[in-house]
Amino acid sequence: MERPQRKPNRLPQYDYSRAGYYFITVCVKNREPLLWELPVGATCGRPPLSPLGMIVEEELRRLDHMYAHIGVDKFVIMPNHIHLILQIKPDGCGRPQVAPTISRVMKQFKGVVTKRAGLSLWQKSFHDHVIRSEADYLRVWNYIDVNPARWAEDEYFREDTP
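Quick look at the structure, then. (Residues numbered from 1 in each chain as written. Predicted model: local features only at pLDDT ≥ 70, side-chain atom pairs only at ≥ 80, totals over all residues. Heavy atoms only, no water.)

## Observations concerning the sheet that holds strand β3 (residues 81-88)
Note the threshold: If DSSP finds at least two bridges between two strands, the strands pair. A run of DSSP states H or I qualifies as a helix once it reaches four residues; a run of E qualifies as a strand once it reaches two. Both are numbered from the N-terminal end. Geometry is summarised by axes, namely lines fitted to C-alpha atoms with helices restricted to the contacting stretch, and by angles between N-to-C directions that run from 0 to 180 degrees. By definition in these notes, contact holds between two residues if any of their heavy atoms fall within 4.5 Å.
Sheet architecture is open: four strands sit in the order β2-β3-β1-β4, paired in antiparallel fashion. Pairing within the sheet leaves two strands with one partner each, and these edge strands are β2 (70-77) and β4 (127-131). Taking the axes of each pair of neighbouring strands and ignoring which way they run, one obtains an average angle of 20 degrees across the sheet. Two strands pair when backbone bridges link them, and strand β1 (residues 20-27) and β4 are joined in this way by five bridges, in the antiparallel orientation. Looking at the pairing, T25 lines up with H127 of β4. Here helix α1 (residues 51-66) sits on the sheet and contacts β2 and β3; the angle it forms with β2, its principal contact strand, is near 160 degrees. The strands touched by helix α2 (residues 102-117) are β1, β2 and β3; relative to β3, the strand with the most contacts, the crossing angle is about 135 degrees.

Next comes the structure, spelled out in structure tokens:
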């Protein structure tokens, strides 16, 4: 039986090392809810991060330091995925300073988390959206900000998660 062809999830001919803002979503393999933990007796509020979630948070915060021209403007860690706004900063002439592609940054991030966690944590690839306007940026920022409170309505929600 022939396997279905995967649809490319990158824009053809787009330079993903170009200065700008990118909305990224990365899912845990099989969408397992490994990044939050629900303390016994907790009934309200956002649950704390699990030990794996804390590793993810530490590595997201380190991305700014790993690449001089990469910034993480906002992120949220959900039970089985993360969302972030990644910025490739331009140099004084408006060009990135030998910027890596978004794929390279995410591959390195996922690899470091996997190594620290001691297990293969991530689903293959990731979703990206090129943010092209201030209105789009504000929409994405708001989505990330309210995502934990709307977890039960999230497309990645699973009944077996906190």
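## Regarding the environment of A117
Mapped onto the elements, A117 comes out in helix α2. Once the C-alpha coordinates of A117 and P51 are considered, the two residues, 66 residues apart in sequence, prove to be 8.7 Å apart. Residue contacts for A117: discarding those within four places in its chain leaves L52 and I55.

## With respect to the environment of I102
This is how it is decided: Burial here depends on accessible area, computed with a 1.4 Å probe over protein chains only, as a share of the maximum for the residue type. Under 20% is buried, over 50% is exposed, and the range in between is partly exposed.
Among the structural elements, I102 can be located in helix α2. Using a relative accessible area of 1% as the deciding quantity, one classes I102 as buried. As a C-alpha pair, I102 and Q87 span 15 residues in sequence and 9.3 Å in three-dimensional space. Those residues in contact with I102 that lie beyond four places of it in its chain are Y16, Y22, I24, L86, I88 and F126.

## Looking at the side chain of D136
Mapped onto the secondary structure, D136 falls in helix α3 (residues 134-146). In this structure, D136 is in contact with H129, V130 and I131, ignoring residues within four places of it in sequence.

## Re α2
Rules: Given a helix with a known number of residues, its expected span is that number minus one, times 1.5 Å. Each C-beta atom gives one direction from the helix axis, and the arc is the one those directions make.
When the terminal C-alpha atoms of α2 are compared, their 22 Å separation across 16 residues agrees well with the 22 Å that a helix rising 1.5 Å per residue should span. Within the sequence span of α2, burial applies to I102, V105, M106, F109, K110, V113 and A117. Taken down its axis, α2 places every buried residue within 125 degrees of arc, on the same side. Across from the buried face of α2, at angles greater than 90 degrees, the exposed residues are R104, K107 and K115.

## Let's talk about the nonpolar core
This is how it is decided: Note on terminology: a nonpolar core comprises buried Ala, Val, Leu, Ile, Met, Phe, Trp, Tyr and Cys residues joined through side-chain atoms within 4.5 Å.
Counting 43 residues, the largest nonpolar core has V56, I82 and L86 as its most contacted members. Of all the secondary structure elements, the ones that give two or more residues to this core are β1, α1, β2, β3, α2, β4 and α3. Per-element tally for this core: the top contributor is α2, with six residues. Setting aside chain neighbours within four positions, we find V56 in contact with L35, I77, I82, F109, V113, L121 and W122.

## A word on α3
Here α3 is 13 residues long and its end C-alpha atoms lie 18 Å apart, about the 18 Å a rise of 1.5 Å per residue gives. Listed in full, the buried residues belonging to α3 are D136, Y137, V140 and I144. Take α3 and look down its axis: the buried residues cluster within an arc of 100 degrees, on one side only. Along α3, the residues that are exposed and aim more than 90 degrees away from the buried face are E134 and A135. Where α3 is buried, its residues touch β1, β2, β3 and β4.

Read these as layout, nothing more, since geometry by itself doesn't imply function.
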